[in-house]
Number of protein chains: 2
Amino acid sequence: MKQDILNAACSKCSLSETCMPQGFSSDGMTKLSAIVATRLRIRQGQSLFKAGDPFASLYVIRSGFFKTSLTESDGREQILGFQMVGELIGLDGIVNESHSCNAKALEDSEVCAIPYTDLERLSKEHSALQHHMHQVMSHEIVRENGVLMLLGNMKAEERLATFLLNLAQRQHVRGFSQSELQLRMTREEIGMYLGIKLETVSRLFSKFSAEGSIDVKKRYVKILNPAYLKSIGDKQPHL
Amino acid sequence: MKQDILNAACSKCSLSETCMPQGFSSDGMTKLSAIVATRLRIRQGQSLFKAGDPFASLYVIRSGFFKTSLTESDGREQILGFQMVGELIGLDGIVNESHSCNAKALEDSEVCAIPYTDLERLSKEHSALQHHMHQVMSHEIVRENGVLMLLGNMKAEERLATFLLNLAQRQHVRGFSQSELQLRMTREEIGMYLGIKLETVSRLFSKFSAEGSIDVKKRYVKILNPAYLKSIGDKQPHL
DNA sequence: CGGAACATTGAGAGGGATCAATGGACGTGG
DNA sequence: CCACGTCCATTGATCCCTCTCAATGTTCCG
């Protein structure tokens with residue numbers, strides 16, 4: 001895993017609002033900046049870490065796009081989530097001091113590595129940071145709860161619609177378009193996340209497109225009728 | 001939600017090994033014991049909290065059995081997990097200071113309520129406690145990752161087998177039988193957890209029983225052939 | 001230009017859902 | 001003590017959503 005190491009400077013970072021607790025003292029900010037010493041460059045297709053790797057740091061995505069996944073002994077892969085700018089990866093490693101999932105870059109990316117022991121030490125002095133960590137972890141739990149609902153109760157059509165709307169919404173929060181998506185993952189990866197096969201994903205894209213709900217051209221997707229996509233679950237019986 | 005309030009004493013509690021960080025100072029133990037002031041009695045069918053309730057405390061199960069679930073606006077319910085003695089409930093509430101899921105007792109139960117603000121304050125002074133909290137949250141994330149794999153990649157048969165083995169294993173860790181289960185939930189609730197219908201659950205119980213893998217009599221289940229149940233995923237193509 | 005990776009589309013099969021009927025267990029009230 | 005209703009579990013018949021297998025098309029890159 002070859003990586004370029006850059007220098008990080010949290011105080012100048014445009015992500016400081018998402019990444020840092022709000023109301024964080026400038027003293028705390030300086031110290032946090034000090035421990036976030038390294039910024040890594042991960043190329044498309046490279047792994048940030050793999051299941052079994054020793055856990056040392058959490059990673060904040062500076063730029064780029066990742067997937068995290070779990071691989072069974074027999075090769076089956078479940079994608080746990082797609083992470084974009086400002087999101088955190090690596091929380092799975094804390095329990096056993098080794099990672100239990102894989103994190104792979106779906107495009108050339110940069111991440112800030114936050115050494116976990118340093119972070120723990122610093123969060124002891126700064127309540128805001130401590131609370132922020134709890135919030136981030138709780139947020140991840142709540143996010144996964146939503147995915148459980150998706151996988152346990154929704155049909156393929158509703159899953160894909162939910163997925164597209166979620167991507168668009170997260171982009172929107174980051175100041176990008178709410179309706180236009182440039183997908184970073186293959187149909188197969190979408191399927192591995194949604195618990196359906198790639199052919200089903202492809203068929204549904206075609207179906208949505210034929211209905212006029214979206215406009216698809218390979219990885220480019222434009223959401224034309226978000227209200228309809230949201231309502232898919234209402235109109236059909238459930239899984 | 002009527003609840004009896006009892007007094008708690010962590011230092012005397014038989015759960016202190018699971019509940020407390022190892023290597024926790026006796027001073028810390030005493031202080032933690034002080035904030036875990038209340039022990040609640042929740043009867044079968046009662047809710048400990050519901051989605052939307054303000055978040056105040058985490059809860060450790062002293063005795064009994066719970067389910068946590070997410071309810072969609074249209075009434076669909078996804079069970080997120082079943083919790084038994086020594087396990088923690090309520091982490092979902094930290095992010096938004098209100099709970100996002102429901103927690104209901106499946107049998108008469110007792111829980112220790114740990115006020116969250118007190119816990120945060122105390123964990124500032126005690127690194128071991130702080131680290132313990134991180135581990136517990138990370139553990140929950142890793143657990144949910146496993147459920148995602150189950151829902152996303154496994155067929156019904158494998159899901160149910162995995163579920164039974166998981167229950168048995170957790171019982172075993174707590175000193176109970178590794179092979180005999182007294183289920184606390186209905187077939188429908190098992191299905192709502194595994195993403196399948198209650199009829200399918202029932203049919204699979206019958207199938208496993210006919211194969212000699214388990215012995216079923218209503219809520220009583222005895223695992224006769226754990227190795228076979230573990231291997232179900234190998235022999236059939238996946239979802 | 002040819003190959004690899006990705007995407008689309010069709011035909012057929014199958015696993016689980018759905019609809020429906022039956023039976024046991026349990027508690028309540030006559 | 002039995003009758004009755006309710007809740008839960010079992011089992012059958014049928015349907016349909018999604019998987020599987022397969023062929024073809026597109027894009028990109030060596």
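It should be noted that the structure appears before, not after, this text.
All figures in this text were calculated on a predicted structure; none of them were measured in a lab.

K.L.:
Can you walk me through the interface of chain B and chain A in this structure?
P.N.:
Quoted interface sizes are often the accessible area lost when the parts come together. Between chain B and chain A, the contact holds 48 residues from the first and 48 residues from the second. Summing both partners gives a buried area of about 4,600 Å² for chain B against chain A, and 57% of it is carried by carbon and sulfur. Between the two partners, chain B and chain A, sit 2 salt bridges. On the surface where chain B and chain A come into contact, there are 28 residue pairs in polar contact (both at pLDDT 80 or more). Contributing elements (two or more residues each) for the side of chain B that touches chain A: β5 (66-71), β6 (77-83), α3 (116-125) and α4 (127-153) of chain B. With 21 residues, α4(B) is the largest single contributor of residues to the side of chain B that touches chain A. Residue classes in the side of chain B that touches chain A are distributed as 16 nonpolar, 19 polar and 13 charged.

K.L.:
What's the story with the sheet that holds strand β10 (residues 180-182) of chain A in this structure? I'm lost.
P.N.:
What links the strands of a sheet is backbone hydrogen bonding, and the strands pair in either a parallel or an antiparallel sense. Residue and element names in this part refer to chain A. The sheet built from 3 strands is open, its strands ordered β10-β12-β11 with antiparallel pairing. Both edges of this open sheet fall to β10 and β11 (214-217), since each of them pairs with a single strand only. In this sheet, neighbouring strand axes are inclined to one another by 15° on average, regardless of whether the strands run parallel or antiparallel. By the bridge criterion, 4 bridges tie β11 to strand β12 (residues 220-223) in an arrangement that is antiparallel. The partner of I214 across the bridge, within β12, is I223. Lying over the sheet, helix α5 (residues 156-173) contacts β10 and β12, oriented at roughly 95° with respect to β10.

K.L.:
Just to check I follow, could you spell out the relation of the copies chain B and chain A for this structure?
P.N.:
Copies of the same chain, two in number, are related to each other by a rotation about an axis and a translation along it. By a simple turn and slide, chain B fits onto chain A: the slide is 0.0 Å along the axis, the RMSD is 0.0 Å, and the turn is 180°. Considering both components of the superposition, the chain copies are consistent with a two-fold axis. Scanning chain B for the C-alpha nearest the rotation axis identifies K124(B), at a separation of 2.5 Å. A shared interface surface links the copies, since 100% of the contact residues of chain B are contact residues in chain A too.

K.L.:
Sorry, what's going on with the sheet that holds strand β3 (residues 47-49) of chain B here?
P.N.:
The strand order across the open sheet built from 4 strands is β3-β8-β5-β6 (chain B), with neighbouring strands paired in antiparallel fashion. Edge positions in the sheet fall to β3 and β6 of chain B, since each of these pairs with one other strand and no more. The average angle at which neighbouring strand axes cross in this sheet is 30°, direction not considered. Strand direction decides the pairing type here: β5(B) and strand β8 (residues 102-105) of chain B, joined by 4 bridges, are antiparallel. Following the sheet pairing, F66(B) is matched in β8(B) by A105(B). Here helix α4 (residues 127-153) of chain A sits on the sheet and contacts β5 and β6 of chain B; the angle it forms with β6(B), its principal contact strand, is near 120°. Its contacts with the sheet place helix α6 (residues 187-194) of chain B against β5 and β6 of chain B, and it is angled at close to 100° to β6(B).

Cut-offs applied
- Residues numbered from 1 in each chain as written.
- Chains lettered and ligands numbered in written order.
- Predicted model: local features only at pLDDT ≥ 70, side-chain atom pairs only at ≥ 80, totals over all residues.
- Heavy atoms only, no water.
- Contact = heavy atoms within 4.5 Å.
- Buried area = accessible area lost by both parts, 1.4 Å probe.
- Salt bridge = Lys/Arg side-chain N within 4 Å of Asp/Glu carboxyl O.
- Polar contact = N/O pair within 3.5 Å; in protein donor to acceptor, adjacent residues only side chain to side chain.
- Helix = DSSP H or I, 4+ residues; strand = E, 2+ residues; numbered from the N terminus.
- Nonpolar A, V, L, I, M, F, W, Y, C, P; charged D, E, K, R; others polar.
- Pairing = 2+ DSSP bridges.
- Axes fitted to C-alpha atoms, helices over the stretch in contact; angles between N-to-C directions.
- Least-squares fit on C-alpha atoms with pLDDT ≥ 70 in both.

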